[in-house]
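Architecture and fold: a report
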Amino acid sequence: MIVLAIETSCDETACAVIKDGRRILANIVSSQAELFEIYGGVVPEIASRKHMEYMIPVIDGALAEAGISLDGIDAVAVTKGPGLVGALLAGISVAKGIAISKDIQLIGVNHLEGHIAANYLVNPELKPPFLCLLVSGGHSHILIVNDYTDIQVMGRTRDDASGEAFDKVARAMGLGYPGGPKVDIAAKSGDHLKYRFPRTKFKDNPFDFSFSGLKTSVLNTINNLKQKGIEPDIENICASFQYTVARTLTDNTIQAAMETGLKTIVAAGGVAANSGLREEMAKECAKRGFRIFFPPLALCTDNAAMIGSAAYFHLIKGEIDDFSLNAVPSLRIGNK
Ligand code: KG4
Ligand code: ZN
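Report on the accompanying structure. Predicted, not measured: the structure shown is a model, and the values here were computed from it. By convention here, each chain's residues receive numbers from 1 onward along its written sequence. The lettering of chains begins at A and the numbering of ligands begins at 1, in the order of writing. Under the rules for a predicted model, residues below a pLDDT of 70 receive no local features and side-chain atom pairs below 80 are neither given nor counted, while totals for whole chains, interfaces and linings still include all residues. Heavy atoms throughout the structure, all of them, feed into the side-chain values; hydrogens and water do not.

This brings us to empty space enclosed by the protein. In this analysis, the protein atoms alone were mapped onto a 1 Å grid. Cavities are point sets where a 1.4 Å probe fits without being able to get out; pockets are open sets with protein on both sides within 12 Å along at least five of seven lines; lining residues have an atom within 4 Å of a point. Grid points are joined across faces, edges and corners, and a volume is the space filled by probe spheres set on the points. Throughout the structure, instances matching the rule amount to two cavities of 30 Å³ or more. In this structure, the largest cavity spans a volume of roughly 60 Å³. Around the largest cavity, the lining residues are E113, I116, A117, Y120, Y148, I151, A310, F313 and H314. Note on conventions: DSSP H or I runs of at least 4 residues are helices, E runs of at least 2 residues are strands, and numbering of each starts at the N terminus. Elements with a minimum of two residues in the lining of the largest cavity: α4 (111–117) and α11 (305–315).

Given below as structure tokens:
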């Protein structure tokens with residue numbers, strides 16, 4: 001089954017062609033991130049307009065890369081949420097147009113399920129059940145993936161998402177947007193033990209996260225140094241902050257794996273690109289004999305290939321949408 005997938009939930013206009021949920025025939029991502037550097041974040045109205053501008057060339061590019069025409073496509077998949085409403089609608093409108101004109105199936109996909117599915121595209125042997133740490137700009141979840149379409153929430157952030165904390169800390173240090181990759185680079189030449197930043201653990205759910213206290217503590221450290229006339233040592237602050245996030249994410253995930261007895265751990269989402277997290281997680285998993293999967297960097301951040309993969313596992317169960325498909329900006333994942 002060949003799926004044409006479209007992703008426009010935030011500031012990437014993306015289209016992919018995916019065979020049987022596992023094979024990438026084409027994967028094109030046009031990022032608007034550079035455009036938003038001057039604003040320090042995404043401007044939703046501009047993002048929607050840019051999606052409309054880039055959409056057709058990106059789809060044409062994906063079809064050309066796959067060496068296929070729309071006549072060779074069996075279904076159109078599109079992100080229905082979570083995301084920015086105007087941005088989501090840009091993709092959904094185009095997907096509906098293709099499905100109507102070619103008389104093929106249409107399916108709306110949960111963006112978060114997509115992030116998990118990125119791993120199926122590069123690891124043919126990976127099959128549920130497994131535990132998933134899903135960390136992106138808007139979400140930080142520990143999930144039990146019972147089956148491709150059966151996902152249970154074990155822990156989630158109670159305030160900021162981990163990616164959001166990276167972006168806000170980066171902004172306070174003038175590193176630019178998106179902050180995660182910039183903090184990651186600066187951290188490489190810093191001492192991760194120079195600053196001790198606070199970590200939050202909840203008694204009622206040890207798998208939940210909170211990153212707002214950590215973020216505030218980093219911002220206070222920067223301000224205190226500035227008030228004393230000292231230039232903040234950005235590399236050390238980045239390294240210490242990143243280490244704290246990486247340890248928190250790793251420790252909660254390992255504890256969840258022990259509790260569930262699941263010995264396969266899968267990381268997903270933009271923050272899964274973080275080198276500190278990859279290092280800590282690999283170390284702890286090796287110690288315990290757990291298998292750990294990370295998507296390649298290009299499939300950690302937003303792309304349409306992951307949407308085409310997630311769609312396939314619904315399509316083979318006969319789950320499709322009709323033309324009343326609409327954007328669901330605060331769509332959730334799982335059962336909690
Ligand atoms: O999954 P994603 O592309 O979009 C959402 O669905 O939110 O994640 C974007 C987030 C941003 O907050 C970005 O700063 C973060 O992922 N990110 C990183 C890294 N690369 C991207 N965070 C830490 N280290 C990285 N290397
Ligand atoms: Zn995403």
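Roughly 1200 Å³ of internal volume is contained in the largest pocket. Considering the residues around the largest pocket, the lining is formed by 41 residues, among which S136, G137, G138, D167 and Y177 are closest to the centre. Secondary-structure elements contributing two or more residues to the lining of the largest pocket are α4, α5 (162–172) and α6 (179–187). Take the lining of the largest pocket: its biggest share by element is six residues, from α5. Ten residues, namely Ala, Val, Leu, Ile, Met, Phe, Trp, Tyr, Cys and Pro, are considered nonpolar, four, namely Asp, Glu, Lys and Arg, are considered charged, and the remaining ones, Gly among them, are considered polar. Counted by class, the lining of the largest pocket contains 16 nonpolar, 17 polar and eight charged residues. When its volume is computed, the second largest pocket comes out at roughly 250 Å³.

So, about the site of ligand 1. Note on terminology: near, applied to a residue and a molecule or strand, indicates that one of the residue's heavy atoms is within 4 Å of it. The environment of ligand 1 is formed by 20 residues, the closest being H115, G137, D167, G180 and D184. Identification of polar contacts relies on pairs of N or O atoms within 3.5 Å, with a donor-acceptor requirement for protein atoms, meaning one able to donate a hydrogen and the other able to accept it, and with residues adjacent in sequence counted only if both atoms are side-chain atoms. At 3.0 Å, a side-chain N or O of H115 approaches an oxygen atom of ligand 1. Between ligand 1 and G270 there is a distance of 3.0 Å, counted from an oxygen atom to a backbone nitrogen or oxygen. Coverage of ligand 1 by the protein chains reaches 88% of its 550 Å² of free accessible surface. Whether a molecule sits in a cavity or pocket is decided by its atoms, more than half of which must lie within 2 Å of the grid points. Of all the cavities here, the one that holds ligand 1 is the largest pocket. Contributions of two or more residues to the shell around ligand 1 are made by α4, α5 and α6. Across the shell around ligand 1, the residue classes break down as five nonpolar, twelve polar and three charged. Only the protein chains shown count as cover for residues, and the accessible areas themselves come from Shrake-Rupley with a 1.4 Å probe.

Partly exposed residues are those whose accessible area sits between 20% and 50% of the maximum for their type, while under 20% is buried and over 50% is exposed, using a 1.4 Å probe and protein chains only. With five of five residues buried, strand β9 (residues 264–268) is to be regarded as a mostly interior element. Side chains T264, V266 and A268 project from β9 onto one buried face, and the interleaved I265 and A267 project onto a second face that is buried too. At least two DSSP bridges between two strands are required for those strands to pair. In this sheet, β9 lies alongside strand β6 (residues 130–135) in parallel orientation, the contact comprising four bridges. By the bridge assignment for β9, L133 is matched with A267.

In short, the description is geometric, and any link to function would need to be established separately.
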